[in-house]
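Structural characterization, general
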Amino acid sequence: PNCQGDLSTTTIPPYCFQSWCYVNANTCKKNSDEKIQKTEYFSPSNDIFYSYSTCNSTDYFSQGIDSKSVVGGLSVMASIPDYQFPMMRKELPDGTFIYDGKDDSDNTYYFDDTIPFGGVYVDYMNSIVQLSNRDIQNMTYTHTSRASMKQYPSSSFTAAVQDVENGLVDMAVGPFWITGQRLKMTTFTVPLLYDKTVLVIPKPGQKSNLAYETKKVLEPFTYGLWGVVIAVTVAAALLSVWFSDREMVAKSKRAWKKRRAAYFRLILDAILEKGMFFFSAGIEQDTGASLPHKVLMFGFGFFILISVSAYVANLAAFLTRSGLEISYGTMREVIDGNIPICCHSALEEEIRQKWPNGKWVVSNDGFDGMFEAYARGDCKVLAVGREDTIMDRNILGKVCEHGLVYTDSVVTENPIAFPIRPQLASGFSYWMYLGEKTYGINLESAKQAFIEGNEITKQCEVELSNLNMEEVDDFAQVSPSNMILPIMAFVACVFTAVVLQLIHESKKKKGRTSTMGRQSTLDIDAYELSRLTVKDGDEKRDVDEDNSAKPRSKSIMVMPRAKSIMQRRQTLDNSDVDRICDFPGANIPGDEFNKNGALNSSQGTKSVFRGLIEDTDVTNGGADEAVEEDNDISHRIEELVESGVIEEVLDCFDFFQEMKKLKKEQ
């Protein structure tokens, strides 16, 4: 048509003078490199194509069309489905904003097109119109038709889509879910965002039970890491037993039952020792240990350093955190518990397909109907879209009123886009995409602009994930209830220690040797002190741990320490006691030396070692007197061993053994 007219009065475009021809599209696509195009001057269903280059002409026609004109400079009419703060509203002439149906119960203002629409979505679309540089001439906003509202009373949004299908408007503006039902009615633009419909549950109470307080002490580490800590501690304990000469105790020539008991005591002592190292965040420095043992403790000490530092860094935050009593916080728990769920009718099809076993209560009155059903007790939880409600003052008020919170459990996820006539979908999608990718114009930026320009009052905390964070404070004090596990551990250890002490005292009263005494380690020489060798005529007897005399070989044992003493002195008598046995506890009267190293009331003046010297005279009364006498000597020596001065006791013991042998030979 632009090529028609009077040449004297009309400027003819250059492409009017170029030749072109109709072509067979199927043949050209396969056999020709020439550009072909479908004509727009006939019905959209036609199959007529033309080409300039096939006729040796230049296509000025396509080049003359503005490459940025994708909508074609059209004026667009869009419907607004409903009020929704702060997304969609109306502003009265006096400056009053209408944000919900309470302010317009009979929809008088809503159906009055002289009162302009506004809100976040309207601001966003106005930015897109401005960006298009008049490719979108202007946008006019109107209401949804009453007929469509009557057809879809449960969803004003679906009613607005129906208006687009009917051609009453070019598009609809608002947070529209793309659903299967709506896609059958019309096309949509590119998605603005993806709206997550999440589970909304009653606000849980605070946990205050003993099990939770106990568990918090362990929460800085995962259970797997606690297993690693225990495994490393036990491994260090077992290796320390192997690397130590105390292992000789278990290899001594004893009955298997006694060797097993020695092994058990060695391992138990080592585990308790390494556990105390870990709890005290350090290790004991033993300069006399073997090189393998020192290397082992070096690695164990480094492990303790890192582990304890990491644990302590997070412990206070875990101890002061309040837990929540959540009966059902995920969709799987709700489905398994057969809990009724209220949902929006627009999402019924998608939700039932995804959760076919759910006990769904469908609302035919939108979100208002869902909250009314919840108030009646028809459902215990709700499925609510975040984008639709998270900034809606009316919806958030109902969430707070009913004591509900949003969880992170996703029921379904739907893209949000604008329903639009198919002829305009591509052009609008282009400008929306260009605005976001090139100029940063998107729905989120429109939301932030509204928040910055308006003071939004938070009615209550509606996010489950934020409930715990409200009480987390860097300066929160630790209460006794937070320390319940360490307190219980201490009480358990106290009880166990008292029981072991009672067993120990019971054995000592019966004259038996106890492995639960003051010495926490089992040195081979100290362990051997519980076995005394006496000689009665030509036969040697062994007084074992249970004080029973057993015959042994006739050979006489000379202890290494005694040999050293005999090399230094050829004459031994009672006057050497004070010089050789000069250590704390050596002059304690024998009757005053308690089983645990404490002093009883004095009943005599004779020291333990002097008593041993004077008791070395062996009478000819027979074996019974000798056994009874050696039992008394054994008991006194064990008391000194338990006092903690092992090396000095061993020297004195060897000394007395040699003195005893010399006296018997006289």
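Everything numeric in this text was worked out from a predicted model, so none of it was measured.

**Notes on the overall build of the protein**
Tallying secondary structure elements over the protein gives 26 helices and 22 strands in all. Counting across all 666 residues of the protein, residues that qualify as buried make up 43%. A fraction of 70% describes how many contacts in the protein between residues 6 or more apart in sequence connect residues 24 or more apart.

**Concerning the pattern of salt bridges**
In total, this model carries eleven salt bridges according to the counting rule given. With a closest N to O distance of 2.6 Å, R386 and E463 form a salt bridge. Separated by 77 residues along the polypeptide, R386 in helix 15 (residues 386-389) and E463 in the loop between helix 18 (443-453) and helix 19 (464-467) bring together distant segments of the chain. Notably, a salt bridge pairs E444 with K447, separated by 3.5 Å at the nearest N-O pair. Of the two residues, E444 and K447 are both situated in helix 18; the distance of three residues between them amounts to about one turn of the helix. The exposure class assigned to E444 is partly exposed, which follows from its relative accessible area of 39%.

**Side note on the confidence of the model for the protein**
Put simply, the protein has an average pLDDT of 75, and 66% of its residues get 70 or more. Per-residue pLDDT stays below 50 along residues 519-574; that stretch engages in 129 contacts with residues further than four places along the chain or on separate chains. Low pLDDT, under 50, characterises residues 587-621; the stretch is placed with 76 contacts to residues that sit more than four places away or in other chains.

**Overview of the state of the cysteines**
Under the criterion given, the structure shown has three disulfides. At a sulfur-sulfur separation of 2.3 Å, the disulfide partner of C21 is C55. Residue C21 is located in strand 1 (residues 21-23), and its partner C55 is located in the loop between strand 3 (49-51) and helix 2 (60-63); the two are separated by 34 residues in the primary sequence. Note on C21: relative accessible area 19%, which makes it buried. Classification of C55 by relative accessible area gives partly exposed; the value is 26%. Across the disulfide from C342 sits C379; the S-S distance is 1.9 Å.

**Let's talk about the nonpolar core**
Ranked by size, the top nonpolar core spans 94 residues in total, and within it Y124, M139, M171, V173 and F428 carry the most contacts. Tallying contributions element by element places helix 3 (residues 120-131) first for this core, with eight residues. Ignoring sequence-local partners within four residues, the contact set of V173 consists of A78, S79, I80, P81, M88, Y121, M125, M139, Y141 and F418. With 15 residues, the next largest nonpolar core counts V217, F221, L296 and V308 among its residues.

**Re the packing of aromatic side chains**
For the coordinates displayed, the defined rule picks out 15 aromatic pairs. Three or more aromatic residues joined by ring pairs make a cluster, and in this case those are W20, Y22, Y50 and Y52. In this arrangement the basic side chain of K90 is found over the ring face of F117, its NZ or CZ atom lying 4.4 Å from the centre. Lying across the ring of F111, R146 places its NZ or CZ 3.8 Å from the centre.

**Remarks on helix 17 (residues 422-439)**
Relative to the 26 Å expected for 18 residues at 1.5 Å per residue, helix 17 spans 26 Å between its end C-alpha atoms, a close match to the ideal helical length. When we look at burial in helix 17, the residues that qualify are L424, A425, G427, F428, S429, W431, M432 and G435. On the buried face of helix 17, the contacting elements are strand 4 (74-80), helix 3, strand 8 (136-143), strand 9 (171-172), strand 11 (187-188) and strand 19 (419-420). Where helix 17 terminates, the next one or two residues include G440, which has phi positive at roughly 70°.

**Description of the pairing of strand 17 (residues 381-385)**
Along strand 17, five of the five residues are buried, which leaves the element largely enclosed by surrounding structure. Burial along strand 17 is two-sided: V381, A383 and G385 and L382 and V384, pointing in opposite directions, are all buried. When strand 12 (residues 193-202) meets strand 17, the two strands line up antiparallel, connected through four bridges. Paired with V198 across the strands is V384, a residue of strand 17. The sheet contact formed by strand 15 (residues 340-344) and strand 17 spans two bridges and is parallel. Paired with I341 across the strands is V381, a residue of strand 17.

Thresholds applied
- Residues numbered from 1 in each chain as written.
- Predicted model: local features only at pLDDT ≥ 70, side-chain atom pairs only at ≥ 80, totals over all residues.
- Heavy atoms only, no water.
- Helix = DSSP H or I, 4+ residues; strand = E, 2+ residues; numbered from the N terminus.
- Buried < 20%, exposed > 50% of the residue type's maximum accessible area, 1.4 Å probe, protein only.
- Contact = heavy atoms within 4.5 Å.
- Salt bridge = Lys/Arg side-chain N within 4 Å of Asp/Glu carboxyl O.
- pLDDT = per-residue confidence, 0-100.
- Disulfide = S-S within 2.5 Å.
- Core = buried A, V, L, I, M, F, W, Y, C linked by side-chain atoms within 4.5 Å.
- Phe/Tyr/Trp six-rings, centres within 6.5 Å; stacked < 30°, edge-to-face > 60°.
- Lys NZ or Arg CZ within 6 Å of the ring centre and 35° of its normal.
- Expected span 1.5 Å × (residues − 1).
- Pairing = 2+ DSSP bridges.

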